[in-house]
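Fold and contact review
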Amino acid sequence: MAAGTLYTYPDNFRAAKALIAAQYAKANVTVDPNFVLGESNKSSDFLKKFPSGKVPAFEASNGLCLQDSNAIAYYLANEQLRGKGDCDKAQVLQWIGFAESDVLPSSCAWIFPILGIIKPVAANTQEVTQALQRAKEDLKQALSILNSHLLTRTYLVGERITLADVVVFCNLLYAYKYAMDPDYRKPFVNVNRWFVTLANQQEFKAVVGEVELCSKQAQVNSCQAGAGDCKKKNKQPAAKKEKETKKEEEEEKDAADEILAAEPASKNPFDSMPKGTFVMDDFKKSYSNEDESVSIPYFWEKFDPENYSVWYCEYKYPEELSKVFMSCNLITGMFQRLDKMRKQAFASVCLFGEDNNSSISGVWVWRGHELAFPLSPDWQIDYESYDWKKLDPKDPETKKLVQQYLSWNGTDKAGRKFNQGKIFK
Amino acid sequence: MDSETVNYLNNVARFLKVEPGKIITDEDYLLRRTKNNSVTKGFINIILQFLDESQSEYCLKHNINAVINTQIWQWLEYCIVYAAQAKSHQSIHQILKELNAILKLKTYLVSNKLTIADIVLYYILYGLMCNLTPIEKEVYLNVSRWFDNIQQDGRIRQTNKLVNFSCNYIINSVASLHI
């Protein structure tokens with residue numbers, strides 16, 4: 001029987017394929033609890049085994065290394081899931097191909113901006129709304145094909161649950177959960193029936209939990225996921241216009257190009273400040289490699305209050321936070337956008353509470369005594385969604401706060417328990 | 001009650017791998033099962049007793065949810081009161097029409113998984129499905145789909161034949177007429 005370790009971030013629909021297959025085959029799969037996206041999969045050890053650095057990745061107990069969710073799911077599956085006989089096997093492959101080429105691109109184009117995985121840079125511009133519209137139409141087409149196939153069949157292949165069902169199900173999962181409202185999915189009765197049946201199978205439930213079908217379409221603009229982003233849009237129309245006129249002639253360029261193009265020109269604003277005696281990198285090394293009982297005293301010993309400051313931040317709109325993973329995307333998204341601050345700043349931002357009842361707050365350290373974000377236009381996207389308070393490094397309360405946030409425990413002001421933390425370093 | 005109903009019960013017993021004992025219709029037209037000198041009366045009671053004896057996954061006590069058990073009970077009642085009594089053309093089509101509407105939105109009768117209700121209904125509908133014309137099978141498409149899914153399991157089907165639901169049927173027969 002197959003056994004091994006799966007590397008993935010939580011709530012990954014791709015990893016779900018492998019985990020559901022493992023449920024059916026009773027394969028012994030453990031998800032690596034220490035995996036951190038963007039760190040673990042960038043380490044040289046990881047890249048040696050999995051050259052693309054993509055997750056999910058699977059290392060079998062016999063040493064076999066596999067990438068690509070469908071391959072992993074196939075490896076972990078049993079006879080029944082892979083299809084009985086060559087006819088069924090070929091059909092299973094056919095549907096996996098369908099799931100990847102016909103379902104995934106359009107469902108991702110629709111879902112990623114909602115989940116905040118892709119930054120909806122310009123959710124209101126014509127190109128983006130057109131692309132979204134096209135994704136919706138494309139997905140409709142794929143669903144019609146599925147719908148007519150499932151009119152006379154209970155499952156996709158061979159009247160029993162196979163990998164074909166698992167893979168198409170997972171690729172549709174987030175669309176069903178967050179995007180396709182009852183009106184949109186109404187014509188696809190057979191797909192809906194099939195989807196709900198699968199979602200209620202014990203083996204599926206064990207991996208994806210209770211699936212609640214979308215009742216109202218989540219909006220990119222509703223500030224749920226990309227809260228920081230849309231606030232920026234509302235508050236800085238002037239700045240945006242300026243940008244737009246700049247790239248009038250290169251409208252085809254997408255957001256990534258735009259950011260890349262802007263990069264060489266901008267200097268690091270921290271360069272103008274005195275360096276001080278506190279060496280950020282040394283502290284970060286200590287924090288990463290040693291226990292908090294060592295690294296926190298180290299921090300206070302080396303900290304240079306003349307040239308560095310400690311700040312406390314709190315997300316202004318906790319009532320808008322819904323799913324925990326969406327809130328985490330919000331934090332990591334902010335970190336990504338602040339990438340150029342990394343060298344002179346450190347932060348631990350924590351999420352407290354659970355789905356639909358949570359708050360975000362954190363402790364920051366950076367060079368200088370002023371709020372660092374206005375220094376660069378690149379950094380101004382998220383900070384206005386937070387309340388900032390400068391902390392007195394001599395105050396014992398500050399020490400307590402730093403202790404709490406760096407060691408990831410305790411509760412927020414409303415008593416919500418620590419859920420998870422993200423480190424900016 | 002007739003010998004057919006006794007047959008349904010024997011099928012269920014064989015599927016659950018329990019000893020059916022002696023099942024007859026008594027002078028009050030009531031089903032009566034005699035096994036080890038104990039007597040059980042009534043269609044649903046006998047099935048529930050089978051389930052208890054089988055200790056299989058279909059046992060109602062495995063369902064924590066009381067609603068599911070009630071729904072299974074309700075479908076068993078439907079099976080014996082309506083489906084098994086459908087003899088006339090009109091009543092057969094009434095049953096198929098009802099089931100077709102229900103199975104449009106469901107894969108199985110109760111709770112998204114195969115239960116004893118599906119299995120009993122399969123035995124009861126088997127003779128009726130065999131006699132449907134291809135066009136009727138298409139009219140009651142949702143019933144056909146459900147039936148085809150159930151009959152794929154050899155343990156349920158036992159000695160019953162696979163009923164053909166292939167859409168190519170008409171094309172093939174039409175082609176043969178033209179050769």
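Right above here is the structure, for reference.
In this report, the structure presented in the accompanying data block is examined. Not measured: the values here are computed from a predicted model. (Residues numbered from 1 in each chain as written. Chains lettered and ligands numbered in written order. Predicted model: local features only at pLDDT ≥ 70, side-chain atom pairs only at ≥ 80, totals over all residues. Heavy atoms only, no water.)

Section: the packing of helix H15 (residues 292-302) of chain A against helix H17 (residues 396-407) of chain A
Residues and elements named next belong to chain A. Put simply, the test is: For helices, the fitted axis covers only the stretch in contact; all axes are lines through C-alpha atoms, and the angles between them, taken along N-to-C directions, range from 0 to 180 degrees. Under the DSSP-based scheme used, a helix requires at least four consecutive residues in state H or I and a strand at least two consecutive residues in state E, with every element numbered from the N terminus. Angles below 35 degrees are treated as roughly parallel, those above 145 as roughly antiparallel, those between 65 and 115 as roughly perpendicular, and all remaining angles as oblique. Helix crossings fall into two classes, left-handed where the near helix is turned counterclockwise from the far one by less than a right angle and right-handed where it is turned clockwise. For this analysis, residues touch if any pair of their heavy atoms sits within 4.5 Å. For this scheme, ten residues count as nonpolar: Ala, Val, Leu, Ile, Met, Phe, Trp, Tyr, Cys and Pro. Four count as charged, namely Asp, Glu, Lys and Arg, and the remainder, Gly too, count as polar.
Where H15 contacts H17, the axes come no closer than 11 Å and their chain directions differ by 140 degrees. In terms of orientation, H15 and H17 fall into the oblique class. Both H15 and H17 take part in a crossing whose hand is right-handed. Here Glu292, Ile296, Phe299 and Trp300 of H15 come into contact with H17, specifically with Thr398, Lys399, Val402, Gln403, Leu406 and Ser407. By residue class, the composition of the contact of H15 with H17 is five nonpolar, three polar and two charged.

Some thoughts on the nonpolar core
Residue and element names in this part refer to chain A. How we decide: We call a set of buried residues a nonpolar core when its members are Ala, Val, Leu, Ile, Met, Phe, Trp, Tyr or Cys and they connect through side-chain atoms within 4.5 Å of each other. Residue burial is assigned from relative accessible area. The probe radius is 1.4 Å, only protein chains are included, and a residue is buried under 20% of its type maximum, exposed over 50%, and partly exposed in between.
Residues Phe169, Leu172 and Trp194 are the most contacted members of the largest nonpolar core, which totals 117 residues. Broken down by element, this core gets its largest block of residues, 14 residues, from helix H7 (residues 163-179). If we ignore the near neighbours within four places in the chain, the residues touching Phe169 are Trp194, Phe195, Leu198, Ala199, Phe204 and Val208. With 28 residues, the next largest nonpolar core counts Leu321, Met341, Trp388 and Phe424 among its residues.

Description of the pattern of salt bridges
Any two side chains of opposite charge can pair, so long as their charged atoms come close to each other. Definition in use: Whenever a carboxyl oxygen of Asp or Glu lies within 4 Å of a side-chain nitrogen of Lys or Arg, that contact is scored as a salt bridge.
The full count for this structure, using the stated rule, is 11 salt bridges over all chains. Between Arg416(A) and Asp412(A) there is a salt bridge whose closest N-O contact spans 2.9 Å. Its relative accessible area of 10% is what places Asp412(A) among the buried residues. Across the salt bridge formed by Lys87(B) and Glu4(B), the nearest N and O atoms sit 3.7 Å from each other. A residue pair is termed long-range when its members are at least 10 positions apart, and Lys87(B) in the loop between helix H3 (66-81) and helix H4 (89-104) and Glu4(B) in helix H1 (residues 3-16) qualify at 83 residues. Relative accessible area serves as the criterion here: at 48%, Lys87(B) is assigned to the partly exposed category. Here the salt bridges do not stand alone but share partners, grouping Arg33(B), Lys35(B) and Glu53(B) into one network.

Things to note about the environment of Gln344(A)
Residues and elements named next belong to chain A. Summarising the element assignment, Gln344 is placed in the loop between helix H16 (324-337) and strand E6 (345-354). Note on Gln344: relative accessible area 10%, which makes it buried. Spatially, the C-alpha atom of Gln344 lies 9.4 Å from that of Lys275, the residues being 69 residues apart in sequence. Among residues more than four places away in sequence, those in contact with Gln344 are Asn268, Phe270, Met280, Tyr308, Val365, Trp366 and Arg367.

Here we look at the interface of chain B and chain A
Where interface size is quoted, it is often the accessible area lost as the parts come together. Convention followed: Each of two parts loses accessible area, computed with a 1.4 Å probe, when they are put together; buried area is these two losses added.
With 15 residues of chain B at the contact, the number on the chain A side is 15 residues. Carbon and sulfur atoms supply 51% of the area buried between chain B and chain A, which totals about 1,300 Å² over both sides. For the interface between chain B and chain A, the tally reads zero salt bridges. The set of elements that each furnish at least two residues to the side of chain B that touches chain A consists of H4 and helix H7 (141-151) of chain B. With six residues, H7(B) is the largest single contributor of residues to the side of chain B that touches chain A. A per-class count over the side of chain B that touches chain A returns five nonpolar, five polar and five charged.

What is shown is where atoms sit, not what they do.
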